[in-house]
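Letter by letter, the chains look like this.
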Amino acid sequence: MKRILCLGDSNTFGYDPTSFLGEPYPHPWTELLHNSGYQVANCGQNGLDIATCLEALESVESLLTRAKPLDWFLVMLGTNDILNGASAEKIAWRMEQLLQHIAPKLDGTKLLLIAPPLIQLGAWVQEERLLTESQKLSECYCSLAEKLGIAFADASAWNIPLAFDGVHFTQEGHVAFAEKLKGLL
C-alpha cells in the first residue's frame, strides 16, 4: 500500500462551497484515493497559500516527519495566492523556496508538484487577470519541476468541474481529480 501525504488548500481539504460551516464533501479526492488502496494523510487547509507555508516551514517539516515512511508527498498550492493578487511568477518563486527547503528532508519520498486546475469566472472570480495568472501558473510550475528534477502533474489540463464560485471542485470534480491522480501514482 502506497503512503501519501497531501499538502494543499481547500481543494485538498475537500471544501464544499455549499456547506454552511465550511465542511468538506463526504468524499474528497484524498478519501477517494484512500478508498482505492492508498494510505493518505490529508493536510489540506482552507485558505492556505504558499506564503503562509513559507512562514510555517517547521509545521510542514513536522507533518513530513510524523507521516514517514512515505512513498509520495503531493503539493498543490497557488490558487489562494492568485486570489490574493500574486503573479504566477511570484507564486512559482514562493513554491521554489518551499520545495527547496523541504526536498532535503524527504529521505527518498517522491515529490509531486501539482498545478491546480484552472479557476473560472464565478462568484469568487470576476477579474480576467485572475484567469490569466491561473493559466500561466501551470507553465511556471512545469518549468520549476524541470529545474528541480521533480515529478509534475498539470491539473489545469484535466477539465475538473468547478462549483459556482469558480474555485472549488464539485463532488464530481473530486472524483475526476482522484481518477487522474491514480494514473500517476
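For the structure itself, consult the block above.
It should be emphasised that the depicted structure is a prediction, and the values quoted were computed from it without experimental measurement.

**A few points about the overall build of the protein**
Moving on, step 1. In terms of helices and strands, the protein carries eight helices and five strands.
Moving on, step 2. Taken from N to C terminus, the helices and strands of the protein fall in the order β-α-α-β-α-α-β-α-α-β-α-β-α.
Moving on, step 3. For a compact globule of 185 residues, the expected C-alpha radius of gyration is about 16 Å, and the protein comes in at 15 Å, within 12% of that figure.
Moving on, step 4. Principal axes of the C-alpha set define a box for the protein whose edges measure 40 × 35 × 30 Å.
Moving on, step 5. Within the protein, the fraction of its 185 residues that count as buried is 52%.
Moving on, step 6. Relative to all contacts within the protein whose residues are 6 or more apart in sequence, the contacts with residues 24 or more apart total 77%.
Moving on, step 7. By element, 52% of the accessible surface of the protein is carried by carbon and sulfur atoms, the whole surface being about 8,400 Å².
Moving on, step 8. Computed over 13 positive and 22 negative side-chain charges, the separation of the two mean positions in the protein equals 8 Å.

**Observations regarding the pattern of salt bridges**
Note on pairing: side chains with opposite charge can pair once their charged atoms come close.
Moving on, step 1. Counted by the stated rule, this structure contains seven salt bridges.
Moving on, step 2. For lysine 136, the salt bridge identified is with glutamate 89, shortest N-O distance 3.6 Å. One end of the pair, lysine 136, is in helix 7 (residues 128-148); the other, glutamate 89, is in helix 6 (residues 88-102), and 47 residues separate them in sequence.
Moving on, step 3. Residue classification places glutamate 89 among the partly exposed positions, given a relative accessible area of 44%.
Moving on, step 4. In this structure, the salt-bridge partner of glutamate 127 is arginine 129, at a minimum N-O distance of 3.7 Å.
Moving on, step 5. With a relative accessible area of 43%, glutamate 127 lands in the partly exposed category.

Parameters at a glance
Residues numbered from 1 in each chain as written. Predicted model: local features only at pLDDT ≥ 70, side-chain atom pairs only at ≥ 80, totals over all residues. Heavy atoms only, no water. Helix = DSSP H or I, 4+ residues; strand = E, 2+ residues; numbered from the N terminus. Rg over C-alpha atoms; globule rule 2.2 N^0.38 Å. Buried < 20%, exposed > 50% of the residue type's maximum accessible area, 1.4 Å probe, protein only. Contact = heavy atoms within 4.5 Å. Areas by Shrake-Rupley, 256 points an atom, 1.4 Å probe, with all protein chains shown as cover. Lys, Arg positive; Asp, Glu negative; His and termini not counted. Charge placed at Lys NZ, Arg CZ, Asp CG, Glu CD. Salt bridge = Lys/Arg side-chain N within 4 Å of Asp/Glu carboxyl O.

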